[in-house]
Each structure stands twice: as C-alpha cells, then as structure tokens.
Amino acid sequence: MRHFVPDPGRLRAGVIVEQSGIYRAYHRAHRMPHNVFVPSGTRLPECQRCGDDVEFALLMAGPEVEGDYDFANGASAAGKDAA
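About the criteria used
- Residues numbered from 1 in each chain as written.
- Predicted model: local features only at pLDDT ≥ 70, side-chain atom pairs only at ≥ 80, totals over all residues.
- Heavy atoms only, no water.
- Helix = DSSP H or I, 4+ residues; strand = E, 2+ residues; numbered from the N terminus.
- Buried < 20%, exposed > 50% of the residue type's maximum accessible area, 1.4 Å probe, protein only.
- Contact = heavy atoms within 4.5 Å.
- Areas by Shrake-Rupley, 256 points an atom, 1.4 Å probe, with all protein chains shown as cover.
- Pairing = 2+ DSSP bridges.

### A few points about the overall build of the protein chain
Here is step 1: Assigned secondary structure in the protein chain consists of one helix and four strands.
Here is step 2: Here the protein chain holds 83 residues, and the buried ones make up 28% of them.
Here is step 3: Within the protein chain, contacts between residues separated by at least 24 positions form 60% of all contacts whose residues are at least 6 apart in sequence.
Here is step 4: Carbon and sulfur atoms make up 53% of the accessible area of the protein chain, which totals about 5,900 Å².

### Things to note about the pairing of strand β2 (residues 21–26)
Here is step 1: Pairing between β2 and strand β3 (residues 34–38): five bridges, direction antiparallel. Directly across from A25, in β3, lies its bridge partner H34.
Here is step 2: Here β2 runs beside strand β4 (residues 55–61); their pairing, made up of six bridges, is antiparallel. Looking at β4, one finds that Y26 is bridged to E55.

### Focus on the environment of F56
Here is step 1: As for its position among the elements, F56 is in strand β4.
Here is step 2: Relative accessible area serves as the criterion here: at 6%, F56 is assigned to the buried category.
Here is step 3: Separated by 45 residues in sequence, F56 and L11 place their C-alpha atoms 5.0 Å apart.
Here is step 4: In contact with F56, other than residues within four places in its own chain, are R10, L11, Y23, R24, A25, V36, L44 and P45.

### Re the sheet that holds β3
Here is step 1: Pairing is antiparallel in the open sheet, where four strands are placed in the order β1-β4-β2-β3. Where the open sheet ends on each side, the last strands, each with one partner, are β1 (11–12) and β3.
Here is step 2: The sheet contact formed by β1 and β4 spans two bridges and is antiparallel. Bridge pairing in β4 links R12 to E55.

Right, dumping it as structure tokens:
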C-alpha cells in the first residue's frame, strides 16, 4: 500500500506558511492523505509517526475570520452570545 509520493511542489515539515487555508497532508506510509486548516505564520509540524516525511499542499486559501472587515469587531462577541 503506497500513499506517499514525494512532490517538489509540496511544502515540507518545518516551513512557515504564508497563506492561511486548508492544506492536504501527505504521510509516508501510515495514513491516507487528509485535510487540515493551517493559519498563516504557522510552522508546519512533523508527524509523530513519520517525522519530517510529511508534506503539505494548499487546497484552498482563505483569510482568518478575524481579518475580515465584516467580522473583525464582532466575531468574538457573537461567539459569547451563542454560549
């Protein structure tokens, strides 16, 4: 069962991402590819099982809700009202 094919277009563990968004994580052999949300400025982590043999590909870029002018002042207040 082969899941991992290194791709020079993917980001490696340790790289700091410039774009927030949904990334596809590709592991060496123990897990099928899966999606994760990564905020900008985050250093891509190593996998606990395959170490730095994990790669990430940006699937869908998007700003964080706090950065959107419609939600910047009310995002946290709206969450408090719902609780």
